[in-house]
Amino acid sequence: MLTVRAPATSANLGSGFDVFGVALGTPADVVRVERAPETEISVTGVGSQYIPEDPAKNTVGAVAEALDAPARICIDKGVRPSSGLGSSAASAAGAAVALNELYDRGLSREELVPIAAEGEALVSGEAHADNVAPSLLGGFTIVADGVVTQVDASIPVVACLPETTVSTRDARQVVPDRASLSDVVDTVGNAATLAVGMTRNDPELVGRGMEDAIVTPERTALIDGYDRVREAALEAGATGVTVSGAGPGILAVCYPSSQRAVAGAMIDAFDAVGIESRAYQTTVGEGATCYHSQP
Ligand SMILES: Nc1ncnc2c1ncn2[C@@H]1O[C@H](COP(=O)(O)OP(=O)(O)O)[C@@H](O)[C@H]1O
Ligand SMILES: N[C@@H](CCOP(=O)(O)O)C(=O)O
C-alpha cells in the first residue's frame, strides 16, 4: 500500500484564468493505492457522499486509465467537492503520483500534469491543468500553452468556504467569450504584477495583481454574499480578494499579522447574510507528498 497526500489548490487568482494556481498548506486529500486486476475506488471523508466510486466517473479512475495502472484506490477527502479548492484535482494529482510510483512508470511531476488533467476533463468538460499543476508541483504555477512554470512561494492566504456549492462545469458556462482591449490590457498588467509578487513573496503585489474585470465579475454573481465578504476582508487587512477557482470559495491574500482578523471578518460577513462558512488560514505550500510505502 502506498500513500500520497495531495494538497488543495486555488486556481485563477483573479487575473490568471485557467493559467495561475497555488498549492495550499491545508486542506488535502489522502490517496492510498495497491495493485489490483481492475480499478476499484472507495471514498471517505468530507463530502464523500457526493463523489462517485465508479471509476468511469471519478477523477482517479481517469488517471488510472491514462497510466494503464489498475489499482484498488482509497480516497480520504479533506478537500470538500465543488468548493473552489480543486477537490477533484487533489484526488487526481494524488492518484497520479501514487500510481506512477506503484507501477514504476518513471514519469516526472511535470509529465504527470496532463495525465492528472484527464480527471478534470471528466468532471468539468475541459482538461484545465491550473489545479493539478500546483497540487503536483507545489508553490505557484503558470500553465501556458501546455507548458508549466513553477516557483516556490510562501504567501499567507485565507480560503473561506461557504456552505453552498458551485460546480466548475456550471461556472465555466458564465465565462465570457470576448473581452475589451482595455480589460485585456489591465488583466495582463495585473497578472504580471502577481507573478513578480510570487517570486518576491510579496503579499502586496500578489494581492494587487489578483484584480480582474473579465471573468471574476461573472463568477461573483454566482456567490451569495461575495461583495460583503470581499469588503470585510479588505477592511480587516487583506491585500487582495478574489474567487477561488470557480467558487464559491473566496481567497484572500494578507500579511501574517492580519491573517486571523481576515479569517474572522470573512466568516462574520457570510454569517451576516445567513450563510455558514469555514476559513482555512494557511500559506502557499508544498505539492503532493508520497509519505508512506509498505510492501
Ligand atoms: N475524486 C474526486 N474528488 C472530488 N470530486 C470528484 C472526484 N471524482 C469526481 N468528482 C466530481 O467532481 C465534481 C467536483 O468537481 P468540481 O466541480 O471541479 O469542483 P472542485 O473545485 O471541488 O474540484 C463533483 O461532481 C464530484 O462528484
Ligand atoms: N480554471 C478553472 C479552475 C476551477 O477550479 P475549481 O477549484 O473550482 O475546480 C475555472 O475557473 O473554471
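Because the structure is a prediction, the values reported are computed rather than measured.

Reading the values: rules and limits
- Residues numbered from 1 in each chain as written.
- Chains lettered and ligands numbered in written order.
- Predicted model: local features only at pLDDT ≥ 70, side-chain atom pairs only at ≥ 80, totals over all residues.
- Helix = DSSP H or I, 4+ residues; strand = E, 2+ residues; numbered from the N terminus.
- UniProt positions renumbered as here; feature names shortened; annotations may be inferred.
- Pairing = 2+ DSSP bridges.
- Axes fitted to C-alpha atoms, helices over the stretch in contact; angles between N-to-C directions.
- Domains from an automatic or database assignment.
- Contact = placed C-beta atoms within 7 Å.

### Quick word on the environment of Arg105
Here is step 1 of the chain: Mapped onto the elements, Arg105 comes out in the loop between helix H2 (87–102) and helix H3 (109–124).
Here is step 2 of the chain: C-alpha separation for the pair Arg105 and Leu67, spaced 38 residues apart in sequence, amounts to 8.1 Å.

### Examining the UniProt feature "domain: GHMP kinase C-terminal" (unreviewed entry) in the protein chain
Here is step 1 of the chain: Under the UniProt annotation, "domain: GHMP kinase C-terminal" (unreviewed entry) lies at residues 197–270.
Here is step 2 of the chain: Spanning residues 197–270, this segment combines 50% helix with 11% strand, and its end C-alpha atoms are found 29 Å apart.

### Let's talk about the sheet that holds strand E7 (residues 156–162)
Here is step 1 of the chain: Here we have 4 strands laid out as an open sheet, ordered E8-E9-E7-E10, and antiparallel in their pairing. Whereas interior strands pair on both sides, the edge strands pair on one side only; in this sheet they are strand E8 (240–243) and strand E10 (277–283). Between one strand and the next, the sheet's axes are offset by a mean angle of 20°, whatever the strand orientation.
Here is step 2 of the chain: Summarising the sheet, E8 and strand E9 (residues 250–253) pair through 4 bridges and their orientation is antiparallel. Counted as the bridge partner of Thr242 is Leu251 from E9.

### A few points about the domain arrangement of the protein chain
Here is step 1 of the chain: When the domains of the protein chain are assigned, the result is domain 1 (2–151 + 284–293) and domain 2 (156–283).
Here is step 2 of the chain: Distance between the C-alpha centres of domain 1 and domain 2: 23 Å.
Here is step 3 of the chain: The interface of domain 1 with domain 2 comprises 28 residues on the first partner and 34 residues on the second.
Here is step 4 of the chain: Secondary-structure elements contributing two or more residues to the side of domain 1 that touches domain 2 are strand E1 (2–11), strand E2 (20–35), H3 and strand E5 (140–144).

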